[in-house]
Amino acid sequence: IRGDVRPKFSVTAEGDIEIHGSVEDAIIESTKGNVYVYGTAVNKTEGYVQAKLDIHVAIAINAVLKGRNIFIEKEAMNSTLQALEEIRVEGKPGALVGGVARAKKFIRAEKIGSENWIKTEVFVGDATKLQRFLSNINQRLSKQKADLEDLRNSLKMLKLREENGSLTESQYEQISSYEENIKELEEDIEVDIEEEKRVRTEIEERKTARLEVVDTLYPQVDIRIFKGYFLPNENQKHTGFQCKNGLVVPYTI
């Protein structure tokens, strides 16, 4: 597309999408490829830019960007950025100001936040929701296993009575019901065990998440890295951050 994509318009393609102008309140989506916006992505009231692979944008203002990796050439202001892997704002001024930026592995920008303390949230490898989800799975598994043990014991007692020829008609029906319930529980447990493995792997992959600020990290930027939280109260210069033992710790870059 050589020009701009105006409000209310929608552009969808399987492959790459290149927009040589700007995007305003429009839906841009590549279901299998990349999206390139050489101008500004602005979403004042609606719309978003989404890619199966990477998103490249010159400037994002109140934009909603979702992709594997997000590359901002100049700056992102009051935008929602969601990347499966990385977010990089590395041009000039390279500022990430306002809004929310989420990435699984890595975020790097020249500047994050502003001298005016504009509310900015940065999440890198945040495992908070995954931890809650894992806890729920484990609680459900514990209950399922306890219920399964009770059903097996009850079924065992009925089977013994059956061998002795002392079962009533209703107890025969109970045997059939218990067997069905046991089969269903075993299947549910198997599914939850696989889900637990998947979530644990996902959490493990986030342990090495990092945030790097090439120039300045301003105060009052909410930062969550893996299981750690950090709210700077003064400017941080040329600093990277990672989580160790539940704490966000800095390193020089």
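Structure: see above.
Just so it is clear, the structure is predicted and the values come from calculations on it, not from any experiment.

*Asks:* So what about the overall build of the protein? Which residues, and what values?
*Replies:* Counting its regular elements, the protein contains two helices and 16 strands. Buried residues in the protein amount to 42% of all 253 residues. If you take every contact in the protein between residues at least 6 apart in sequence, the share linking residues at least 24 apart comes to 26%. Here the protein has roughly 13,900 Å² of accessible surface; of this, 47% comes from carbon and sulfur atoms.

*Asks:* Give me the environment of F123: which residues, what numbers.
*Replies:* Following the sequence through the fold, F123 ends up in strand β11 (residues 120-124). Judged by its relative accessible area of 11%, F123 falls in the buried class.

*Asks:* How would you summarise the side chain of T216 if you had to cite specific residues and measurements?
*Replies:* Within the element layout of this structure, T216 appears in strand β12 (residues 210-217). Within the local environment of T216, its side chain forms a polar contact with the side chain of D215, the two groups lying 2.7 Å apart. When sequence neighbours within four positions are dropped, the list of residues in contact with T216 reads E110, K111, I112, N235, Q236 and K237.

*Asks:* Residue-level account of a negative patch on the surface, with values.
*Replies:* Residues E180, E184, E187, D188 and E190 make up a contiguous surface patch of negative charge. Examined against the element boundaries, E187 turns out to sit in helix α2 (residues 169-205). Overall, the relative accessible area of 43% leaves E187 in the partly exposed class.

*Asks:* Which residues make up the pairing of β11, and what are the values?
*Replies:* Of all five residues in β11, four are buried, a share of seventy percent or more. Note: strand β9 (residues 95-103) against β11, five bridges, orientation parallel. Bridge pairing in β11 links V100 to E121. Here five bridges tie β11 to strand β13 (residues 221-225), and the two strands are oriented parallel to one another. Bridge pairing links E121 to D222 in β13.

*Asks:* Outline the packing of aromatic side chains, supporting the account with residue identities and numerical values.
*Replies:* Tallied over the full model, the rule gives one aromatic pair. Plain terms: the ring middles of F230 and F241 are 5.4 Å apart, the flat faces sit at 35° to each other, and that makes the pair tilted. With a gap of 11 residues between them, F230 in strand β14 (residues 228-230) and F241 in strand β15 (residues 236-244) connect regions that are remote in the sequence. Note on F241: relative accessible area 1%, which makes it buried. The lysine or arginine in question, R102, covers the ring of F123, its NZ or CZ lying 4.0 Å from the ring centre.

Rules used throughout
Residues numbered from 1 in each chain as written. Predicted model: local features only at pLDDT ≥ 70, side-chain atom pairs only at ≥ 80, totals over all residues. Heavy atoms only, no water. Helix = DSSP H or I, 4+ residues; strand = E, 2+ residues; numbered from the N terminus. Buried < 20%, exposed > 50% of the residue type's maximum accessible area, 1.4 Å probe, protein only. Contact = heavy atoms within 4.5 Å. Areas by Shrake-Rupley, 256 points an atom, 1.4 Å probe, with all protein chains shown as cover. Polar contact = N/O pair within 3.5 Å; in protein donor to acceptor, adjacent residues only side chain to side chain. Patch = residues over 30% accessible without salt bridge, like charges linked within 9 Å, V, L, I, M, F, W, Y side chains within 5 Å. Salt bridge = Lys/Arg side-chain N within 4 Å of Asp/Glu carboxyl O. Lys, Arg positive; Asp, Glu negative; His and termini not counted. Charge placed at Lys NZ, Arg CZ, Asp CG, Glu CD. Pairing = 2+ DSSP bridges. Phe/Tyr/Trp six-rings, centres within 6.5 Å; stacked < 30°, edge-to-face > 60°. Lys NZ or Arg CZ within 6 Å of the ring centre and 35° of its normal.

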